[in-house]
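Listed here are the chains, written in short residue letters.
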Amino acid sequence: MTASAMLSVEAALEFLLSRARPLTETESVHLLNAGQRVLAGELRARLDVPPANNSAMDGYAVRSAEVHADAWLPVSQRIAAGDAPGPLAEGTVARIFTGAPIPAGADAVIMQEQAHADGERVRFSAVAKTGQNIRLAGEDIARDGVVLPAGAQLGPAQLGLAASVGEAYLDVLRPLRVAVLFTGDELAEPGETLTAGKIYNSNRYWLRGLLEALGCQVRDLGIIPDSLAATRLALADAAATSDVVLTCGGVSVGEEDHVKHAVEREGQLDLWKIAIKPGKPLAFGRIAHADFIGLPGNPVSGYVTFLLLIAPFIRARQGRAARASWPVSCLAAAFDWPRKDPQRTEFVRVRKASRDGQTVLELFPKQGAGVLTSMAWADGLARIPANHTVKAGEQIDYLPFDELLS
């Protein structure tokens, strides 16, 4: 791929996904330590869930044919969750509680609100239908069925699902190792005194947060001295221990942008102009066995580019199922957007709001590439095609932050 012309953001995503090399190294970890890890192979159930028919509520297990209006029936046994009941004797019922196994011979459960007990006998105000209030064995998961597919990221629901089929350990892919580093003599760390010409390094914190949210193992090299020699040394060190090396800024053609020259000397580099706003410059290459990605230095440009292009690449590198497009829904704009850039697709910061009973998208008033406030305020991006004008009430594409990272 050449950098002679601007690439569409869709073409850039397609190219990155084609270069993503999924991890193959695996390890076995206990469920308690498997959160956010990626499943190496599909998980199949070795049993039915639930393992036996059980009651969906507190009540009485009955033979439905024996239940008649105002007829008293003796209670022959009491069954709680965890009990192993005997068969239900003919002409009797069993007191049963939610989750308890259904005794052989019973074919329905009548809820306790429809029962009138008198000592060890009971009558019912409703007839019973076969199968009512019974959860069937295998209703949730059938034996030998696929519980989780290969490449699934293990969130709370997935871990609970694996536990429900009795799996204490899972084979997972090792974490993706990502090194981050930052260059620029103008950068200061929060807590330091801000002297003339300095700015605080906000990129370090949102970038680490996004990588950790994706389940990456992050190595943070901090701020690197702004020289070619120091940058080369840091990049070689990062590449030796990581799968991906990420920087913010320093990849343009300026004399003080040492990252571009350092990567070219240590490996190979493509510098692209992406038809996206905010954003545009994006560097991709290799240093030894590690992928290199250089994000734009402006915080919003880097953040948006990461969500749209780098997060899908990271997921594919982790061995997760690759998404070739973004999660998009359509909602009405509560703003006008004049035609601005005839070449670049714009991704503006918006959030959902309710107006007159309708869900609409509100626009953050300042859309500059350095206005990080917009990312904290917003809950997603609205996509505005190049050379397009938006009028209030028009349906536009909405990309929620949480789904872009899921």
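So, here's what we can say about the structure. (Residues numbered from 1 in each chain as written. Predicted model: local features only at pLDDT ≥ 70, side-chain atom pairs only at ≥ 80, totals over all residues. Heavy atoms only, no water.)

What follows is about the overall build of the chain. Counting secondary structure elements, the chain contains eight helices and 27 strands. Dimensions of the chain along its principal axes, counting C-alpha atoms only, are 95 × 55 × 45 Å. When contacts within the chain are restricted to residue pairs at least 6 apart in sequence, long-range pairs at least 24 apart make up 71% of them. Here the chain has roughly 18,700 Å² of accessible surface; of this, 50% comes from carbon and sulfur atoms. (Helix = DSSP H or I, 4+ residues; strand = E, 2+ residues; numbered from the N terminus. Contact = heavy atoms within 4.5 Å. Areas by Shrake-Rupley, 256 points an atom, 1.4 Å probe, with all protein chains shown as cover.)

With that out of the way, let us pick up the sheet that holds strand S17 (residues 217-224). The sheet built from six strands is open, its strands ordered S17-S14-S18-S22-S21-S19 with mixed pairing. The sheet is open, and its two borders are formed by S17 and strand S19 (268-273), each paired with just one other strand. Across the sheet, the mean angle separating the axes of adjacent strands is 15 degrees when strand polarity is ignored. Note: strand S21 (residues 281-287) against strand S22 (residues 290-295), five bridges, orientation antiparallel. Bridge pairing in S22 links phenylalanine 284 to isoleucine 293. Together, strand S14 (177-183), S17, strand S18 (244-248), S21 and S22 form the strand contacts of helix H4 (residues 228-241), whose direction differs from that of S17 by roughly 175 degrees. (Pairing = 2+ DSSP bridges. Axes fitted to C-alpha atoms, helices over the stretch in contact; angles between N-to-C directions.)

Further remarks concern the environment of arginine 46. Tracing the backbone shows arginine 46 in the loop between strand S3 (43-44) and strand S4 (54-55). Taking C-alpha positions, arginine 46 is 41 Å from valine 245, a pair spaced 199 residues apart along the chain. Not counting residues within four places of it along the chain, the set of residues in contact with arginine 46 comprises Arg143, Gly166 and Glu167.

So, about the side chain of arginine 37. With respect to the helices and strands, the residue arginine 37 is situated in the loop between strand S1 (26-30) and strand S2 (38-39). The contact partners of arginine 37, leaving out residues within four places of it in the chain, are Glu27, Val29, Ala152, Gln153, Leu154, Val172, Leu173, Arg174 and Pro175.

Note that strand S20 (residues 276-277) and strand S24 (residues 345-355) share two bridges and pair parallel. Paired with lysine 277 across the two strands is glutamate 346, which belongs to S24. Bridge count for S24 against strand S26 (residues 380-384) is five bridges, and the pairing is antiparallel. What sits directly across from valine 350, in S26, is glycine 380. The loop that links S24 with its antiparallel partner strand S25 (residues 358-363) comprises two residues; one of these, aspartate 356, has a positive phi angle of about 55 degrees.

With respect to topology, six strands assemble into an open sheet ordered S8-S5-S7-S6-S10-S9, the strand pairing being mixed. At either end of the open sheet lies a strand with only one pairing partner, and these are strand S8 (108-111) and strand S9 (115-118). Recorded for the sheet is a direction-independent mean angle of 40 degrees between the axes of neighbouring strands. Across three bridges, the pairing between strand S5 (residues 59-62) and strand S7 (residues 93-96) is antiparallel. Along S7, the bridge assignment pairs alanine 61 with alanine 94.

Moving on, we get to the packing of aromatic side chains. The geometry of two aromatic rings is summed up by the distance between their centres and the angle between their planes. Under the criterion given, the structure shown has eight aromatic pairs. Aromatic side chains tyrosine 60 and phenylalanine 124 sit 5.7 Å apart centroid to centroid with 70 degrees between the ring planes, which places their arrangement in the edge-to-face category. Within this pair, whereas tyrosine 60 is found in strand S5, its partner phenylalanine 124 is found in strand S10 (residues 121-124), the two being separated by 64 residues in sequence. For arginine 121, the ring lying beneath its charged end belongs to tryptophan 72, and the centroid distance is 4.1 Å. (Phe/Tyr/Trp six-rings, centres within 6.5 Å; stacked < 30°, edge-to-face > 60°. Lys NZ or Arg CZ within 6 Å of the ring centre and 35° of its normal.)

This part covers the nonpolar core. Of all hydrophobic cores here, the largest spans 50 residues; its most connected members are Leu207, Leu246, Leu295, Phe306 and Leu308. Sorting the residues of this core by element identifies helix H1 (9-18), S14, helix H3 (203-213), S18, S21, S22, helix H6 (299-317) and helix H8 (401-404) as the ones contributing at least two each. Here this core takes twelve residues from H6, the largest share from any one element. Residues in contact with leucine 295, not counting those within four places in the same chain, are Trp206, Leu207, Leu246, Thr247, Cys248, Gly249, Val251, Leu282, Gly302, Thr305, Phe306 and Ile310. Within the second largest apolar cluster, 18 residues are counted, among which are Ile224, Val251, Val263 and Ala290. (Core = buried A, V, L, I, M, F, W, Y, C linked by side-chain atoms within 4.5 Å. Buried < 20%, exposed > 50% of the residue type's maximum accessible area, 1.4 Å probe, protein only.)

What follows concerns the packing of H3 against H6. At a closest axis distance of 11 Å, the pairing of H3 and H6 adopts a crossing angle of 20 degrees. One element, H3, and the other, H6, form an angle in the roughly parallel class. Once H3 is placed against H6, the crossing between them reads as right-handed. Contact residues: H3 offers Asn203, Trp206, Leu207, Leu210 and Leu211, while H6 offers Pro299, Gly302, Tyr303, Phe306, Leu307 and Ile314. Of the residues in the contact of H3 with H6, the class split is nine nonpolar, two polar and no charged. (Parallel < 35°, antiparallel > 145°, perpendicular 65-115°, else oblique. Left-handed = near helix turned anticlockwise from the far one by under 90°. Nonpolar A, V, L, I, M, F, W, Y, C, P; charged D, E, K, R; others polar.)

Our focus in this paragraph is the packing of H1 against H6. Relative orientation of the contacting elements H1 and H6 amounts to 20 degrees, with a least axis distance of 9 Å. The angle between H1 and H6 places the two elements in the roughly parallel class. Two packed elements cross with a definite hand, and for H1 against H6 that hand is right-handed. Counted together, Val9, Ala12, Leu13, Leu16 and Leu17 of H1 and Leu308, Leu309, Ile310, Pro312, Phe313 and Ala316 of H6 form the full contact between these two elements. For the contact of H1 with H6, the class distribution of residues is eleven nonpolar, no polar and no charged.

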